[in-house]
Structures are given as structure tokens and as C-alpha cells.
Amino acid sequence: MEVTCLLLLALIPFHCRGQGVYAPAQAQIAHAGQACVVKEDNISERVYTIREGDTLMLQCLVTGHPRPQVRWTKTAGSASDKFQETSVFNETLRIERIARTQGGRYYCKAENGVGVPAIKSIRVDVQYLDEPVLTVHQTVSDVRGNFYQEKTVFLRCTVNSNPPARFIWKRGSDTLSHSQDNGVDIYEPLYTQGETKVLKLKNLRPQDYASYTCQVSVRNVCGIPDKAITFRLTNTTAPPALKLSVNETLVVNPGENVTVQCLLTGGDPLPQLQWSHGPGLLPLGALAQGGTLSIPSVQARDSGYYNCTAINNVGNPAKKTVNLLVRSMKNATFQITPDVIKESENIQLGQDLKLSCHVDAVPQEKVTYQWFKNGKPARMSKRLLVTRNDPELPAVTSSLELIDLHFSDYGTYLCMASFPGAPVPDLSVEVNISSETVPPTISVPKGRAVVTVREGAPAELQCEVRGKPRPPVLWSRVDKEAALLPSGLPLEETPDGKLRLERVSRDMSGTYRCQTARYNGFNVRPREAQVQLNVQFPPEVEPSSQDVRQALGRPVLLRCTLLRGNPQRIASAVWRFRGQLLPPPPVVPAAAAETPDHAELRLDAVTRDSSGSYECSVSNDVGSAVCLFQVSAKAYSPEFYFDTPNPTRSHKLSKNYSYVLQWTQREPDAVDPVLNYRLSVRQLNQHNAMVKAIPVRRVEKGQLLEYILTDLRVPHSYEIRLTPYTTYGAGDMASRIIHYTEHNTCHFEDEKICGYTQDVTDNFDWTRQNALTQNPKRSPNTGPPTDISGTPEGYYMFIETSRPRELGDRARLVSPLYNASAKFYCVSFFYHMYGKHIGSLNLLVRSRNKGALDMHAWSLSGNKGNVWQQAHVPISPSGPFQIIFEGVRGSGYLGDIAIDDVTLKKGECPRKQMDPNKVVVMPGSRAPRQSSLQLWGPMAIFLLALQR
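Fair warning: this is a prediction, and the values are worked out from it, not measured in the lab.

Things to note about the state of the cysteines
Chemically, a disulfide is nothing more than a covalent bond linking the sulfur atoms of two cysteines.
Move 1: Here the structure, examined in full by the defined rule, presents eight disulfides.
Move 2: Note on cysteine connectivity: cysteine 357 is disulfide-linked to cysteine 415, with sulfurs 2.2 Å apart. Between cysteine 357 and cysteine 415 the sulfur-sulfur dihedral comes to about -85°; the bridge is accordingly left-handed. With cysteine 357 in strand 27 (residues 353–362) and cysteine 415 in strand 32 (residues 411–418), this residue pair connects regions lying 58 residues apart in the sequence. Comparing cysteine 357 with cysteine 415 shows no difference in burial state: the two are buried.
Move 3: Disulfide pairing is shown between cysteine 826 and cysteine 909; the S-S distance is 2.1 Å.

What about the pattern of salt bridges?
Pairing of side chains with opposite charge becomes possible as their charged atoms draw close.
Move 1: Inspection of every chain in the model, using the stated rule, returns 38 salt bridges.
Move 2: Taking the shortest distance from any N to any O, the salt bridge between lysine 701 and glutamate 667 comes out at 3.2 Å. Residue lysine 701 is found in the loop between strand 55 (690–695) and strand 56 (705–713), and its partner glutamate 667 is found in the loop between strand 53 (656–665) and strand 54 (676–683); the two are separated by 34 residues along the sequence.
Move 3: One network of salt bridges, in which partners are shared, links Asp759, Arg810, Arg812, Arg846, Asp854 and Glu886.

Observations concerning the nonpolar core
Move 1: Counting 33 residues, the largest nonpolar core has Tyr756, Phe829 and Phe885 as the members making the most contacts within it.
Move 2: Of all elements in the fold, only strand 63 (796–799), strand 64 (810–814), strand 65 (825–833), strand 66 (840–847), strand 67 (853–861), strand 68 (869–875), strand 69 (881–888) and strand 70 (897–906) reach the threshold of two or more residues within this core.
Move 3: Broken down by element, this core gets its largest block of residues, five residues, from strand 65.
Move 4: In this structure, Leu355, Cys357, Trp371 and Val524 belong to the second largest nonpolar core, which totals 30 residues.

Remarks on unusual backbone geometry
Move 1: Look at the link from asparagine 566 to proline 567: it is a cis peptide, with omega at 5°.
Move 2: Residue proline 715 is reached from valine 714 by a cis peptide bond, and omega for that bond is 5°.
Move 3: Mapping proline 715 onto the fold places it in the loop between strand 56 and strand 57 (718–726).
Move 4: A positive phi angle, near 50°, is found at asparagine 203, a position not held by glycine.
Move 5: Turning to its location among the elements, asparagine 203 is positioned in the loop between strand 15 (196–201) and strand 16 (211–217).

Some thoughts on the sheet that holds strand 30 (residues 384–388)
Move 1: Within the open sheet, the five strands sit side by side as 30-31-27-26-42. Their pairing is mixed. On the outer flanks of this sheet lie strand 30 and strand 42 (521–522), each paired with one strand and no other.
Move 2: Pairing geometry for strand 30 and strand 31 (residues 398–402), over five bridges, is antiparallel. If you follow leucine 385 over to strand 31, its bridge partner there is glutamate 401.

Observations regarding the side chain of serine 356
Move 1: Here serine 356 shows up in strand 27.
Move 2: Among the polar contacts listed, one links the side chain of serine 356 to the side chain of serine 399, at a separation of 3.1 Å.
Move 3: Those residues within four positions of serine 356 in sequence are excluded, and the remaining contacts are Thr333, Phe334, Gln335, Trp371, Leu393, Thr397, Ser398 and Ser399.

Concerning the sheet that holds strand 44 (residues 545–549)
Move 1: Here five strands make up an open sheet; going across it, the order is 44-50-49-46-47 and the pairing mixed. A strand with exactly one partner marks an edge of an open sheet, and here the two such strands are strand 44 and strand 47 (580–581).
Move 2: In the sheet, strand 44 pairs with strand 50 (residues 624–632) via five bridges, with the strands oriented parallel. Within strand 50, the position partnered with serine 545 by the bridge is leucine 628.

Conventions we followed
Residues numbered from 1 in each chain as written. Predicted model: local features only at pLDDT ≥ 70, side-chain atom pairs only at ≥ 80, totals over all residues. Heavy atoms only, no water. Disulfide = S-S within 2.5 Å. Helix = DSSP H or I, 4+ residues; strand = E, 2+ residues; numbered from the N terminus. Buried < 20%, exposed > 50% of the residue type's maximum accessible area, 1.4 Å probe, protein only. Salt bridge = Lys/Arg side-chain N within 4 Å of Asp/Glu carboxyl O. Core = buried A, V, L, I, M, F, W, Y, C linked by side-chain atoms within 4.5 Å. Pairing = 2+ DSSP bridges. Polar contact = N/O pair within 3.5 Å; in protein donor to acceptor, adjacent residues only side chain to side chain. Contact = heavy atoms within 4.5 Å.

Without other data, these values stay purely geometric and don't point to any function.
Structure representation (C-alpha cells):
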């Protein structure tokens with residue numbers, strides 16, 4: 001009884017448990033090509049070095065079912081954890097002409113909705129070497145009480161590189177070092193380790209006047225060549241010196257032509273001169289030629305600092321700066337300040353009063369002000385004072401103070417600002433002082449405290465200012481989270497008190513503050529008011545689109561939910577089916593205080609007639625939004641299984657290949673059972689397709705279905721379309737492209753021999769040949785007559801052991817570099833070892849994760865007969881790897897060894913060896929295999945009968 005139960009449990013298929021073949025995503029990053037590195041022990045799957053300007057290609061190798069979706073992200077750099085989106089949502093990340101700033105850690109995230117996402121990372125290290133920069137610095141010091149002077153020269157060589165550069169100093173063609181010359185010192189200054197090297201020439205001697213070369217090298221990493229820079233040191237070598245043809249501050253009138261000369265007064269080698277403008281570029285039309293800068297018809301916007309810099313890499317650059325000031329005036333304003341001592345905000349007789357006037361000018365300090373009363377110059381007296389630069393007001397402001405205000409002081413005052421003797425128009429501002437001059441008040445017009453407007457329309461916010469004079473109105477936002485106005489400014493001035501907004505959006509909703517300005521009016525505490533902006537916008541609903549599947553005869557409830565809107569309510573909801581209006585569904589009574597936030601439609605049973613497109617239009621009186629529902633009983637699409645081990649099967653004897661197609665059915669229980677599948681196979685670039693019906697029994701969730709496609713032509717690709725059928729009819733179709741690839745099997749039919757290369761460190765090479773290209777005088781009784789297919793056209797690789805080969809000579813054939821994307825691999829190949837002098841055939845694995853280390857994986861020696869035989873060799877590389885076929889010459893010339901049909905497969909090797917002398921015929925088309933239940937059912941009955 002116990003034995004029977006154990007047998008029954010052992011016969012339960014794997015995919016009938018839990019979720020079947022559904023599996024969480026797994027990922028691994030592989031890179032195209034071999035990393036260029038400084039040291040072999042730096043080769044690692046998690047660190048990839050690449051030369052700046054080359055193409056970076058990273059592939060995220062994924063497994064899992066359903067097929068995981070891949071998204072690439074990266075950190076901002078090696079020293080930052082901030083993520084930057086790369087906007088790459090496929091399995092391959094490709095960056096053309098990679099820059100050093102694009103180095104960092106790259107992450108591939110694979111997720112398929114099963115379990116947690118898989119995240120893998122790789123650090124990309126971009127290698128580069130810039131041109132070096134050589135600068136010279138000199139010092140002179142007194143020695144022994146002014147009896148003589150000692151001159152020391154420092155040659156500083158700086159370069160940007162990755163990895164850190166190695167420096168070599170040369171005098172002429174001779175390499176310099178500490179040990180060879182006591183007058184030379186070479187060192188790295190502090191804080192610039194690996195980027196700067198200084199050559200110090202102590203107590204300069206006649207032989208030190210020579211040409212010096214700084215050569216920088218990254219030891220040819222990534223093929224980056226060395227770079228060098230040379231400087232000739234003479235007894236006239238000197239840093240640059242400059243002088244200007246004008247004063248450092250140059251004041252000009254608008255419209256004048258400005259010319260500034262920067263003159264060299266020293267420097268060897270001859271310095272290079274350059275003009276710059278801060279901030280920004282040189283003005284449009286400006287011409288900088290050598291040391292001369294010309295600006296035609298200069299304008300106020302051209303004011304600023306102009307820098308002349310001289311560089312010859314000796315000492316520090318020489319720099320002279322001209323502050324160009326173009327005379328201009330703008331923004332004339334005034335202020336009325338009542339008696340400050342008495343803290344008054346009104347104009348009162350017997351109290352003091354101050355009128356202030358200011359303009360924004362360049363140069364500010366050269367502005368002169370003149371005051372007029374009733375059109376005549378104001379006369380100074382004990383009660384009428386004119387002051388300048390009031391500390392309580394902006395710089396260079398003119399103030400007219402009226403002490404103990406009398407009735408006779410009422411009148412119109414005018415302040416005029418000017419540049420004496422300059423062709424700049426005067427600016428003036430006028431203010432009237434009378435009993436009617438009162439401070440401002442501000443209010444919101446009736447009915448304008450709340451402004452409601454629809455999104456996209458213009459809006460006008462208004463505040464009314466009363467008083468004489470009426471100052472400008474300043475607008476700002478009260479909301480802390482939205483401190484800026486729609487214009488992008490924190491504060492906006494309006495002369496009429498109206499803030500005009502174009503095409504308002506919902507984020508403009510909120511409270512706005514209007515307040516009086518303290519200029520062009522009374523200099524008193526600002527008056528303020530508030531206006532509420534209410535932006536109405538159409539509703540937003542979910543789902544915007546939903547695919548609803550249900551078996552025939554079952555009920556369905558459709559719900560359209562209001563997410564947001566202004567107003568936040570459903571005013572009406574209209575349902576349509578296939579564009580036709582439906583009668584309103586029954587209204588469900590709700591609490592009086594509740595506002596419905598959704599609309600529902602119930603279908604009592606899904607039928608062919610009730611299947612189709614349903615539309616719910618929800619309105620909130622401002623606009624409407626639509627929920628779309630596609631209701632049907634058709635089956636979901638199949639989910640192709642991409643993790644089939646070695647799905648392509650081919651043989652040299654035939655020009656055809658077969659492909660193992662596997663899939664699961666998405667949510668099979670959501671609708672009626674799948675009865676069969678319609679399979680369409682079409683060769684790419686062809687119009688005709690082969691169509692076949694594949695019957696199935698009850699399909700379970702996660703159950704792996706399989707069908708073998710046969711008679712596919714090598715090397716063509718095919719489009720596969722698979723459609724499930726239920727009692728409802730056709731379901732959703734899934735399609736994919738299958739390719740014939742030989743990346744895991746090499747038949748040596750091409751001259752490129754699948755990327756294999758001859759090892760340059762061995763004694764001789766492997767030879768590619770077939771029966772037609774064999775040497776007719778080759779040695780008999782050794783070597784194969786044909787390749788494994790038995791056809792004279794088929795190629796294979798072999799070693800020729802005739803002269804001049806000697807005992808122990810080795811020939812090595814090295815595979816391309818493979819990225820280890822699985823824990824176990826199986827290397828399968830056919831070998832032919834016939835002859836009485838046969839030596840050895842070895843298979844080695846060269847692991848590249850901890851240096852180039854070759855490990856023996858398999859070996860065979862001696863005569864094995866005139867037959868092709870197959871070997872399966874398991875390997876488990878821990879990182880990127882290569883496989884090597886090593887043929888060793890035996891004691892004589894009758895020792896030719898051949899190999900053919902090399903296959904590299906993921907997973908473990910087959911337990912049972914295949915007969916190498918029999919042609920394996922690929923199985924033909926058949927119904928898909930579902931589960932082993934069809935096999936173990938009869939077996940279980942048989943075992944139960946046995947038990948009885």
C-alpha cells in the first residue's frame with residue numbers, strides 16, 4: 001500500500017501543482033564583447049569597462065513566465081545614488097558613442113507580475129585619456145644674505161583620465177628620474193593624486209634650458225594610445241603681463257562705438273589673448289581680434305565686465321577687467337512719507353512730510369536730481385530741505401523734506417533726474433500735495449471675491465484701489481505650496497489692479513493676495529485683500545478602458561467611478577451599447593448627504609448578442625468623461641513560453657529544422673473552456689501561411705502546452721500566430737517570431753567557423769576541410785572520410801599530424817567569449833580519433849572572472865576507431881567563459897583527430913548517450929502535450945488493480 005502511494009505521487013506532473021509553469025522573473029546582465037580592462041583580475045560580470053566613444057550594449061537576459069518586461073535605470077554616477085530614467089523598456093540597452101558622464105551603475109528590472117521583480121546591476125566604467133596640459137611656474141629666493149639668488153622652476157603636468165595616468169618626464173629624448181640627476185625632483189602635489197605630476201628643477205643650471213616632454217599613459221587600456229606635450233624652457237621664459245588702453249571703469253553714452261585695447265607687455269612664449277564678457281557672451285556685433293575689442297553702437301544692455309586674459313602656460317594667466325557702463329535711466333518712482341516720528345499715515349498740517357524720488361540708472365552715482373514746485377525750482381529754506389542717500393531708502397535717492405507743513409506748501413511737486421552733459425533723456429515724476437492727498441485703501445469689488453472659471457478659459461482677478469495718488473497693485477499667491485504666480489514670478493505689478501490670466505489650469509486654483517505698493521504713492525504699511533480663484537474642470541473617471549471577459553450565461557457588473565473633477569459630483573450618467581442609447585439603469589437609493597461617485601450597469605447574462613462595446617458618459621455640468629468597457633466571452637490570448645531549453649533542433653543531413661513551441665493559456669477559467677487552437681505559420685517575406693487546428697482537452701491555469709513545428713527551412717524565420725477557440729468563437733490571437741540560430745551549435749560550414757579562433761600560443765593550427773577539399777595524398781588509416789552527416793560537402797575541423805609535427809605538439813581552437821547566464825551548461829560534440837598514433841583530445845574551459853584560467857573539463861586518448869562518436873561534457877562556469885579544443889600530437893603521423901557539430905546548451909547533460917552512428921530523425925507534427933495526467937491515469941488504475 002505504501003509503495004503504491006509513493007508511485008502515484010511520483011507520477012503527478014510538475015505543472016499541475018500551484019501555478020504550473022508560472023515563475024517569477026529572473027534576470028542577468030550580459031554585455032556585448034569583451035571588456036577592456038587594466039588587469040585581468042578586474043574582469044567581472046558586474047564591472048564592465050569601455051572606451052569613451054565606443055558603443056555600449058547591455059542585454060538583460062530574463063527567464064520567467066509570463067515573459068518578463070524589462071526596464072533599465074541608472075544611478076547618476078559612481079558617487080550618487082540618485083536615479084535617472086533612461087527611457088529604455090526593452091531587453092537591450094544601447095548607447096552610441098558613450099561619454100564619461102554616462103558611466104555609473106546600470107540596473108535592469110524584470111517583472112512579470114509573479115512574485116517580486118528581479119533586479120540586477122552592472123557598473124560601467126568609461127575609460128578615457130585627455131590631452132595633457134603643461135604649465136610652468138618660477139620662484140626666485142635669496143641665499144646666503146644676498147650673495148646670489150637661486151631660481152627654481154616647476155613644470156606641472158595635469159591630465160584627466162580613467163584609470164589614473166602614469167607620467168613620464170623627458171628632457172629631450174632622455175627620461176628623467178631622481179636617481180640620475182640631483183637637480184631634478186619629481187613628485188605628486190597634494191590633493192591631485194593620480195592627475196598631476198610636477199617636475200622640479202632646483203637651482204636652475206645652464207643644461208636645464210632644454211625641451212621637456214610630459215608623456216601620459218593609461219598602459220594602452222582599451223587601446224587608448226599615450227599622449228604627450230612638450231615645452232621649451234629658455235632663459236627668457238616669463239609669464240604674461242598686460243595693460244589696458246582705457247581706465248578699468250569706462251563710462252560711455254549709448255550709441256557710441258567702443259574700442260578697448262589689451263596690450264602685451266611681457267611673456268615668453270608669446271601669450272594668447274582672449275576676450276570674454278560676464279555674464280553671458282560678447283554682445284552681438286562685437287569683434288574681438290587679438291587684443292582689440294570693438295563694440296559698435298553700444299547700448300545699455302551691453303553694460304558689464306569685459307575680461308582680457310593672456311595665457312602662455314607660464315605662471316598664472318594675466319587678466320585685466322574693464323567695467324563698461326553705458327549711461328541709462330529708467331523706472332522713475334516717488335514716495336510720500338508722512339511724519340515718521342509721530343507714526344502718522346496721513347498728511348496733516350503742522351507735521352513733517354517727506355517726498356522722495358528715485359530712478360534706476362547706470363552709473364547710479366552720477367545721477368543728479370532737481371526739484372520743482374508748481375513749475376518753478378524749489379527754493380531751499382529752514383523748512384524745505386533737499387537730502388540725498390537717505391539710509392531708509394534705496395541708494396542715490398533724492399528727498400524733499402517739508403518741516404512743519406503749512407497750507408502754503410500745498411502744490412504740485414516735480415522731481416527731474418538727469419545726466420549732466422550726456423545725451424540721455426531726462427526722467428521726471430510728479431506728485432500733488434493737497435488736503436485731498438490721502439493714503440490708499442484696497443478692496444475687492446462686490447461679487448468678485450470668488451472667481452469661478454472653466455479650465456482653459458481666461459480669468460481676471462480684480463482689486464479696487466482708492467486714495468490719492470493711487471499706487472500700483474502687487475499680486476502674489478497665498479498658497480505655500482504654490483508660491484509662484486502663473487507667470488513664474490513671486491510678485492507681479494498691475495497699474496490698474498487687475499491680474500489677467502490666460503488659459504487657466506486647475507493648478508492655478510487657490511487664494512491670491514493683492515496689496516498696495518509702497519512706491520508711486522504713500523510709503524506706509526501696505527493695504528491688502530484676497531481673491532479666491534476656482535477653476536472648474538471636467539471629470540476624470542476610471543477605468544478609461546477595460547476589457548471584461550466572462551463565460552456565456554454569467555452576469556457582469558460594469559462600474560464607472562468618478563476620480564476627480566470640479567465640481568466633484570456626477571450630474572448625469574448615460575450608457576450606450578454599440579453606440580446606441582440604453583435606458584437608464586434603476587437608481588439605487590442613497591443617503592441624503594451622500595453624493596454618488598460612480599455609475600453602474602448590470603448585465604444579467606453575457607451572450608453573443610450582449611457582447612460588444614459599452615460606453616458610460618459621466619458629466620459634472622462642466623464637461624464629461626467616458627468609461628469604455630469591451631464585454632465578451634472570448635478567450636484571452638495564449639502566453640508563449642520563452643524558456644524552452646534548446647527549442648531549435650536541426651541536423652546536417654536535412655535542410656530543415658524543427659521548433660518546439662510551448663505556451664500557456666492566460667486565465668483559462670475566466671471564460672468557457674478552450675476547445676482547440678488555430679495555428680498559423682508563415683515564413684517571413686512570404687504571403688502564404690500554413691494553418692492547422694490543434695485540439696486540446698481541459699486547459700488548466702499554468703499548464704504548459706506544446707507543439708513541434710517541423711519542416712521549417714534553414715535558415716529562415718517564421719511568424720507564428722496562435723488563436724484559442726471556445727464555444728463563443730475565436731479568442732485573442734498571440735504572435736511571435738521564431739528564428740533559426742546556430743549560436744549554440746557549430747557545424748563549421750562557414751569560413752568564419754562560428755567565431756572560433758586559433759590560439760596564438762600553441763604549436764600549430766586546426767584545419768577546416770571536407771571530403772572534397774582533402775589532400776589526395778593524405779595519410780591513409782587515419783582521419784575521417786567525411787563529416788558527421790556523411791556528405792562530401794560537409795565540413796569539420798581536424799589536426800594534421802604529419803611532418804613537421806612532433807610528439808606533444810598542441811593545436812588549440814578557442815570559442816568566442818560567452819556570458820554565463822545559467823549555472824550549468826552542457827558541451828556536446830562529435831569526435832573522430834582513428835589511427836595507431838592517436839594522441840589526446842582535451843576540452844578546457846577558460847574562466848574570465850578571476851583572470852584567464854584554463855581548467856580541464858574532459859580528455860580522451862588513443863585510437864577509438866573509424867567512427868564518429870559523441871561526447872557530452874558538463875561545465876559550470878562562474879563567470880564569462882570560453883571553451884577550448886586542444887589536440888595533442890601522438891607518437892607518429894597516423895594520429896589525425898577531428899571534431900564536428902559542437903553544441904553549447906544551458907542545463908545539465910543528458911543521462912543517456914545518443915548512438916552517434918544513427919541519424920536522429922526529428923519527430924513530426926503531433927497534438928500538443930498537455931500534462932502527464934494522460935499517462936499516469938491508466939498507470940494508477942493498473943497499480944490499484946495490482947494492489948487488489
